Amino acid sequence: MEILTNLEAGFAVALQWDNILFCFIGVTLGTIIGLLPGIGALSTISMLLPITFYMDPTTAIIMLAGVFYGAQYGGSTASILLNIPGTSANAVTCLDGHPMAKNGRAGVALALTTITSFVGGSFSILVMIFLTPYIARFALEFGAAEYFSIAVFGLIAASTLSRGSALKGLAMVVVGVLLGIVGMDVNSGVQRFNFGILELSDGLSIVALAMGLFGVAEILSNLLRYSGEPYKIDKVTYASLMPTRQDIRDSTPSTVRGMLIGCLCGILPGAGPTIASFMAYAAEKRASRHPERFGTGVVQGIAAPEAANNASVQSAFIPTLSLGIPGDSVMAVLLGALIIHGIVPGPTLVLEQPQLFWGLVASFWVGNIILLALNLPLIGLFVQILRIPYDALYIAMLFFICIGVFTIRNNVFDIFVMLGFGLVGTFMLIARFPAAPLLLGFILGPMIEENMRRALLLSRGDWLTFVDSPITATCAVLSVVSLVWSFWSPLAGFIGRARDRRSNSLGSTGFD
Amino acid sequence: MIRRSFIALATAAFFAGPVMAQDYPVRPVTVVVPYTAGGATDTLARVIATPFGEALGQPVVIENRAGAGGAVGAEFVARSDPDGYTLLFHTATVAVYPTTQPNLDFDYARDFEPIMLATRAPYVIAISNKLPVDDLEGFIDYAKEHPGELNHGSPGAGTSTQLAAELFKQQVGIDLLHVPYGGSSAVLTATRAGEIDFMVDTYLGLKGAVDGKDVKALAVGTAKRQAFNPDIPTFEEQGVQGIELAAWFAFAAPKGTPKEIVAKLNTALHEALKNPKVLETVEAQGEVIGSTPEELGEQVNMEIDLWAKVAKEAGVN
Amino acid sequence: MNFRSRCPHDLAGGAILAGLGVFVVLQSLSYPLGQVTRMGPGYFPLLAGLLLVLLGGLVFLFTNEEPEEETPLKPRVFATVFGSILAWGVLLEPFGLVPATVALVVIAAFAHPQPHLRRVVITAVILPLMGWGLFIKGLGLPVDAISW
């Protein structure tokens, strides 16, 4: 029971009054910036970094980490209420969250995402407490070929993310992949599709892309259809906020699957919360017997991605702290913050800095409980956002989007990129070309290309490298099955009927 | 302290007349870091900024302008007013641009006034644990017995880290397959997992893996052993002559900045580099240099030619 | 094939995607292709471009999805929303955050069918104040509040 002793020591650190205070500041700030579209954890943590230089390292990391996971709580609020994702990890929550709000269930959606966020986060914290040493080793099993295989599988799954034509979904995935090519090719150093523009040499900014496609396009198309009437919302009572028993029953299996997917994505360096939420949504749609209902406001469509992105931000600390491998750019900044304080994460960190590691783990619990306590009562207030007159609201949204995109690199070039994608996104919305698969293609495309070329270099050109390990072989099989399933409709129908029969016979297990 | 800088600020606002070199500085000085916040370069710049500001009598503000391997920030400073209020904190990468980004309209000698090569961080050679060798000579022999079979991981094609490793390979005459990754931490992960056999990086990134015995640190790229880990031997001790491999960090101002201001900045930096917090940060990865402006200019010139030659021989574009 | 009964959005969308694919294919031919086992920088974009030509063509030929609701293309809305963002981006560095934000608010206000003067004025005061207080003072955003 060494773990319990450690955890006790950890809580002794996390419950010091200054650590509680900074944890509170961090998660509150995280919720706020998550709520504001465009401004994400990355730019906030980067901007806060200098302030923490003269703080105790444990306190500093507790606060900065709080911003990161707090943002995941806040991010879904804007997705649900305004159909504009607070961070790119919440983009997929728009698909069912906003329809729920339109159906008068905004309060339920907000309550449900808060609860699933808490469950997802808590699960990963438990994994972190008990499995960190084993998981750190597991992450090393993933080489170039494994990353390639898993990214291809993700991409195929992504084409069915949205409602409507799978063909259009797949076409948008490819557009996303192509947009991901822009900039310097890591493998050769050659600049591709940058048209001589220096700012494009690191590629397009994902925040500018997401805010153009989801934020500006949403505001614009709303205004195009707007004839002057305010949003109608019903009076919000606490009764109308609470999910029904049916909601809980429907969303529980999704929450569980979402948190497992999210936890795995967090552990794998390079995956991160955005991929986690997309994957969880795609998996739900696959698992559902009524995939056609997705996109109309089903609870499964918000529970899974929100459990996933919160699980992934917590589990992302595992490789960061125990291997010194930052899973994504936010983790890289946090790693930088540790290094500034002379703490170099690695396998010895847990032994050499127990007060930091266990104090941080304990603070995650504290932070998640604060977030739960903070967010649930505030739902009534958040829903009031819809009462703000739309003419003031859309202007404020435009402002926050602009400032958020600017803060990524302190470069106005990204504002113009966002403007361009706002125009593209508006026409995509009008013509029903889905933006969510595009965004996922943009994230996974570079992963696929880089790892494919790297794997072929490492294998000296042997293609068998993509099927000769257990991980790659499994992914290859899953990819082929998914592809056949999506595009061979007779077979899909057949399998669907077979599944129906099977799950009917399993109906008593309670997983329906 | 806070009071003093407040008064200084207020005074600056009142007397912000024409810029005179002898009055400099009358307002806060901005140092542009051409990389993202939180990275190794940014960290170092921020630690130096506080004592630098104290020595100047005006706060020094760090501004991150990342992009294109540092070229975006460098270009921003080159276009700024040469009044000493906008400076660049740069790395040896400025000597690589002419080779790897020939389309870039970038000319260090034409665009910048060197101020000081402030600190350097030696590259450390690290290899995978799965290789049956424990020292540099053993590794070189092993690589010569297995030409083309070992993998060299780098944080990207055409990065200064790759070129440093290529210089080493050329100098000792070994043939390793270059496999680019998207960043140093990805290379380290792959080396740890055994996917990559050979890498170079500064000690800041490697420390965790070296301490945890997950990779073997074979040599440090400077003439003397380093304080951060005196157990790592030098090249010369192991029979490799004639090369030094180190990343370095320097300050520069836009071309046309008055000589007096450059001199003032150099003096203030010398003062800042004596600060204990700065020393602690620098010595975790290398050593303080504190050069003259002329020495920095010469270093950049020398390296421009060096990397062009190394890249050509290695077949990098 | 009867194109007249087809949804014009999908015809146009498919054609644009295929066209984009052709452009990508042509552009990627200007980068070294390499070989299958050792791909150059042009190989992957070439494949992706060809795939887009194929998919765009299939969308053009077969997809037929009616838009869910009619969206009128009001030029004033396009001009004001894009004008406001453009103005913010152009004015930010030369003039500072406050003037850029005021310009954004004023231009964007006219995207609304009937701009409400009092609310616009309130927004034009609150947002720049928030920008200054929260981002410049609070988080240290490296832009001036007002510069000239």
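Residues numbered from 1 in each chain as written. Chains lettered and ligands numbered in written order. Predicted model: local features only at pLDDT ≥ 70, side-chain atom pairs only at ≥ 80, totals over all residues.

An unreviewed UniProt entry annotates chain C as DUF1468 domain-containing protein originating from Nitratireductor indicus C115.

As recorded in an unreviewed UniProt entry, chain B goes by the name Tripartite tricarboxylate transporter substrate binding protein, listed as coming from Nitratireductor indicus C115. One UniProt comment on chain B, placed under Sequence similarities (unreviewed entry), says "Belongs to the UPF0065 (bug) family." (UniProt positions renumbered as here; feature names shortened; annotations may be inferred.)

Asks: Tell me about the overall build of chain B, and please be specific about residues and values.
Replies: Scanning chain B for helices and strands turns up 12 helices and 10 strands. By the compact-globule yardstick of 20 Å for 317 residues, chain B fits well, its C-alpha radius of gyration being 21 Å. A total of 317 residues make up chain B; the buried ones form 56% of that total. Of all intrachain contacts in chain B linking residues separated by at least 6 positions in sequence, the fraction that spans at least 24 positions is 76%. (Helix = DSSP H or I, 4+ residues; strand = E, 2+ residues; numbered from the N terminus. Rg over C-alpha atoms; globule rule 2.2 N^0.38 Å. Buried ≥ 20, exposed ≤ 12 C-beta atoms within 10 Å, placed from the backbone. Contact = placed C-beta atoms within 7 Å.)

Asks: Got a sec to walk through the domain arrangement of chain C? Specific residues and values, please.
Replies: In terms of domain boundaries, chain C breaks down into domain 1 (8–62) and domain 2 (75–138). The centre of domain 1 of chain C, based on its C-alpha atoms, is set 39 Å off from the matching centre of domain 2 of chain C. (Domains from an automatic or database assignment.)

Asks: Talk me through the interface of chain A and chain C; I want residue IDs and the actual numbers.
Replies: By a widely used convention, the size of an interface equals the accessible area lost when the partners come together. Taken together, the contact pairs 52 residues of chain A with 60 residues of chain C. Residue assignment for the side of chain A that touches chain C shows that the elements contributing at least two residues are helix H3 (41–48), helix H8 (166–181), helix H9 (206–225), helix H18 (390–409), helix H19 (413–430) and helix H20 (436–458) of chain A. Among the residues making up the side of chain A that touches chain C, the classes are represented as 34 nonpolar, 10 polar and 8 charged. (Nonpolar A, V, L, I, M, F, W, Y, C, P; charged D, E, K, R; others polar.)

Asks: Could you give me a rundown of the packing of helix H12 (residues 272–287) of chain A against helix H13 (residues 300–315) of chain A, with the residues and numbers involved?
Replies: When two helices pack together, their arrangement is given by the angle between the helix axes and the distance between those axes. All names here are of chain A. Look at H12 against H13: their axes get within 8 Å of each other, and the N-to-C directions meet at 150°. With respect to each other, H12 and H13 are oriented roughly antiparallel. The element H12 and its partner H13 pack so that their crossing is right-handed. Contacts between H12 and H13 involve Gly272, Pro273, Ala276, Ser277, Met279, Ala280, Tyr281 and Glu284 from the former and Gln300, Gly301, Ala304, Pro305, Ala308, Asn309, Ser312 and Val313 from the latter. The class makeup of the residues in the contact of H12 with H13 is 9 nonpolar, 6 polar and 1 charged. (Axes fitted to C-alpha atoms, helices over the stretch in contact; angles between N-to-C directions. Parallel < 35°, antiparallel > 145°, perpendicular 65-115°, else oblique. Left-handed = near helix turned anticlockwise from the far one by under 90°.)

Asks: With reference to specific residues and values, describe the domain arrangement of chain B.
Replies: Residues and elements named next belong to chain B. In terms of domain boundaries, chain B breaks down into domain 1 (2–121 + 247–314) and domain 2 (122–238). For domain 1 versus domain 2, the separation of C-alpha centres amounts to 29 Å. If you look at the interface, domain 1 gives 17 residues, while domain 2 gives 14 residues. Elements that contribute at least two residues to the side of domain 1 that touches domain 2 include exactly strand E4 (112–128) and helix H12 (293–314). Sort the elements by how many residues they give to the side of domain 1 that touches domain 2 and H12 lands first, with 5 residues. Within the side of domain 1 that touches domain 2, the residues separate by chemical class into 10 nonpolar, 4 polar and 3 charged.

Asks: Describe the UniProt feature "transmembrane region" (unreviewed entry) in chain C, with residues and values.
Replies: All names here are of chain C. Within this numbering scheme, the UniProt entry marks residues 12–31, 43–63 and 120–140 as carrying the feature "transmembrane region" (unreviewed entry). Secondary structure content for residues 12–31 is 85% helix and 0% strand, and the end C-alpha separation is 29 Å. Span residues 43–63 is 95% helix and 0% strand, its end C-alpha atoms 29 Å apart.

Asks: Kindly report on helix H5 (residues 93–102) of chain A, identifying the contributing residues and their values.
Replies: Residue and element names in this part refer to chain A. In terms of burial, H5 is a largely internal element, 9 of the 10 residues being buried. The inward-facing, buried residues of H5 contact helix H4 (57–82), helix H6 (106–140), H9, H12, H13 and H20. At the exit of H5 stands Gly104, carrying a positive phi of roughly 85°.

Asks: Talk me through the environment of B:Gly70; I want residue IDs and the actual numbers.
Replies: All names here are of chain B. The residue Gly70 is located in the loop between strand E2 (60–64) and helix H3 (71–78) in this model. Along the sequence, Gly70 and Pro34 sit 36 residues apart, while their C-alpha atoms lie 4.6 Å from each other. Setting aside anything within four residues of it in sequence, one finds Gly70 in contact with Pro34, Tyr35, His90, Thr91 and Thr93.

Asks: If you had to explain the pairing of strand E6 (residues 177–180) of chain B to someone new, which residues and values would you point to?
Replies: All names here are of chain B. Of the pairings in the sheet, the one linking strand E5 (residues 151–154) to E6 comprises 4 bridges and is parallel in character. When the sheet's bridge partners are listed, Ser154 is paired in E6 with Pro180. A crossover connection joins E5 to the parallel E6 through helix H7 (residues 160–172); in handedness this β-α-β unit is right-handed. (Pairing = 2+ DSSP bridges. Right-handed = clockwise from strand over helix to strand, strands pointing away.)

Asks: Requested: an account of the packing of H6(A) against H13(A), with residues and values cited.
Replies: Residues and elements named next belong to chain A. Relative orientation of the contacting elements H6 and H13 amounts to 35°, with a least axis distance of 7 Å. When the axes of H6 and H13 are compared, the crossing they make is right-handed. Within the contact of H6 with H13, the residues separate by chemical class into 12 nonpolar, 9 polar and 1 charged.

Asks: Lay out unusual backbone geometry in plain terms, naming residues and giving numbers.
Replies: With an omega dihedral of -5°, the bond running from B:Tyr24 to B:Pro25 counts as a cis peptide bond. If you trace the backbone, B:Pro25 turns up in the loop between helix H1 (2–14) and strand E1 (29–33). Look at A:Arg432: it is not a glycine, yet its phi comes out positive at around 60°. Tracing the backbone through its elements, the reader meets A:Arg432 in the loop between H19 and H20.

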